[in-house]
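Coordinates in review
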Amino acid sequence: MYRCYCTLCQKQSGTASNAATLVRQEAFEWLHEAESITIWKMDSGFNSHFCSTCGCPTPNPIGDGLMWVPMGLLDSVDTPTAVHLFETYRPAWDCSSSQDCLSKGVENVEALYNALANHESVEQ
Amino acid sequence: MTLKGSCLCGAVRFETQGTPRDIVACHCTQCRKSSGHFIAATSVAPEELTLVEHRGLKWYRSSSAAERGFCQDCGSTLLWKPASGDRISIFAGAIDKDVDLPPIVSHIFLAEKGAYYDVDDAAERHQATGAKLTLD
Ligand SMILES: [Zn+2]
Ligand SMILES: [Zn+2]
Ligand SMILES: [Zn+2]
């Protein structure tokens with residue numbers, strides 16, 4: 001999984017960073033049809049998909065054939081933080097985990113997927 | 001100390017007066033789902049929160065004890081208010097960065113935290129609510 005500390009992800013999550021992972025779309029299946037998802041998009045490509053009823057972030061397609069999945073929705077998955085993004089925006093009040101991640105940035109979504117899949121170290 | 005904050009799209013904007021409570025991180029299942037990770041929140045008395053813009057604000061009754069406020073336009077996770085109505089929690093990610101808030105003082109509901117992260121800072125740790133510092 002990765003954490004992004006950018007200010008967009010802070011507002012979306014309400015906390016210091018998001019926490020999410022990427023899976024191949026063929027490895028993802030909706031068990032209950034998602035019938036009430038609101039989609040908000042920025043010109044930059046940043047987007048927010050969420051349940052219209054309760055506001056929870058929801059999985060959504062990203063990059064080429066990938067699904068973005070918020071970690072908070074998953075039941076007891078134990079996977080290390082492989083990547084931190086935009087850590088310079090990490091707020092001073094957040095001291096909640098000092099665990100080291102394996103890499104500090106990626107060039108694009110595919111590189112992020114590869115870093116998460118392989119736990120490889122990639123240069124910023 | 002005045003805190004200002006907003007959602008991503010600007011359809012919810014707020015300001016606070018008074019002294020905000022220290023930040024408490026809540027790892028309960030509700031907070032994990034609504035955040036996508038876990039929640040960090042300060043709080044003020046209801047009369048100390050001014051909603052400068054609230055056209056996007058939607059309240060979801062997440063349990064008999066509380067409601068969660070989010071922006072129905074952009075999905076930002078913003079507020080939490082207990083049915084008792086004596087405090088209102090403001091999620092720290094929504095607060096503008098021009099004020100440096102002090103570090104998280106307490107972690108609550110650690111019994112429900114995700115397995116994918118560790119809590120290893122100096123803050124108090126509680127398996128359920130803290131004795132004094134609930135997410136109130
Ligand atoms: Zn981000
Ligand atoms: Zn909004
Ligand atoms: Zn909670």
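Residues numbered from 1 in each chain as written. Chains lettered and ligands numbered in written order. Predicted model: local features only at pLDDT ≥ 70, side-chain atom pairs only at ≥ 80, totals over all residues. Heavy atoms only, no water.

1. A closer look at the overall build of chain A
Scanning chain A from N- to C-terminus turns up two helices and seven strands. From first element to last, N terminus to C terminus, chain A shows the α and β order β-α-β-β-β-β-β-β-α. Looking at chain A as a whole, 48% of its 124 residues qualify as buried. Taking all contacts inside chain A whose residues are at least 6 apart in sequence as the whole, residues at least 24 apart take part in 50%. Total accessible area on chain A stands at roughly 6,200 Å², and carbon and sulfur atoms take up 50% of it. (Helix = DSSP H or I, 4+ residues; strand = E, 2+ residues; numbered from the N terminus. Buried < 20%, exposed > 50% of the residue type's maximum accessible area, 1.4 Å probe, protein only. Contact = heavy atoms within 4.5 Å. Areas by Shrake-Rupley, 256 points an atom, 1.4 Å probe, with all protein chains shown as cover.)

2. Looking at the confidence of the model for chain A
Of all residues in chain A, 87% have pLDDT values of 70 or greater, and the mean over the chain is 86. Confidence drops under pLDDT 50 across residues 120-124 of chain A; counting only partners more than four residues distant or on other chains, this segment forms 12 contacts. (pLDDT = per-residue confidence, 0-100.)

3. Here we look at the coordination of the zinc ion (ligand 3)
All names here are of chain B. Every protein donor of the zinc ion (ligand 3) is listed here as Cys 26 (SG), Cys 28 (SG) and Cys 31 (SG), and their distances to the metal cover 2.2 to 2.3 Å. As a motif over one chain, the donors of the zinc ion (ligand 3) read C-x1-C-x2-C. One exposure class covers both Cys 28 and Cys 31, and it is buried. (Donors = N, O, S within 2.8 Å, 3.2 Å for Na, K, Ca; no water.)

4. Focus on the coordination of the zinc ion (ligand 1)
All names here are of chain A. Looking at the metal site, the zinc ion (ligand 1) is ligated by Cys 4 (SG), Cys 6 (SG) and Cys 9 (SG), spaced 2.1 to 2.3 Å from it. Counting along the primary sequence, the residues that act as donors to the zinc ion (ligand 1) give the motif C-x1-C-x2-C. Cys 4 gets classed as buried once you look at its relative accessible area, which sits at 5%.

5. A few points about the interface of chain B and chain A
Contacts between the two partners involve 43 residues from chain B, matched on the other side by 43 residues from chain A. Per-residue buried area on chain B facing chain A is highest for B:Leu8, B:Lys33 and B:Tyr116; these three make up 21% of the total on that side. For the pair chain B and chain A, the number of links is zero salt bridges. Taken together, the connections running from chain B to chain A amount to 14 residue pairs in polar contact (both at pLDDT 80 or more). (Buried area = accessible area lost by both parts, 1.4 Å probe. Salt bridge = Lys/Arg side-chain N within 4 Å of Asp/Glu carboxyl O. Polar contact = N/O pair within 3.5 Å; in protein donor to acceptor, adjacent residues only side chain to side chain.)

6. Topic: the environment of B:Arg61
Residues and elements named next belong to chain B. Within the fold, Arg 61 resides in strand β6 (residues 57-63). Distance from Arg 61 to Pro 46, taken between C-alpha atoms, is 17 Å for residues 15 residues apart in sequence. Those residues in contact with Arg 61 that lie beyond four places of it in its chain are Ala 66 and Glu 67. A distance of 3.4 Å separates the side chain of Arg 61 from the backbone oxygen of Ser 63, its partner in a polar contact. Only 3.3 Å separates the side chain of Arg 61 from the backbone oxygen of Ser 64, close enough to count as a polar contact.

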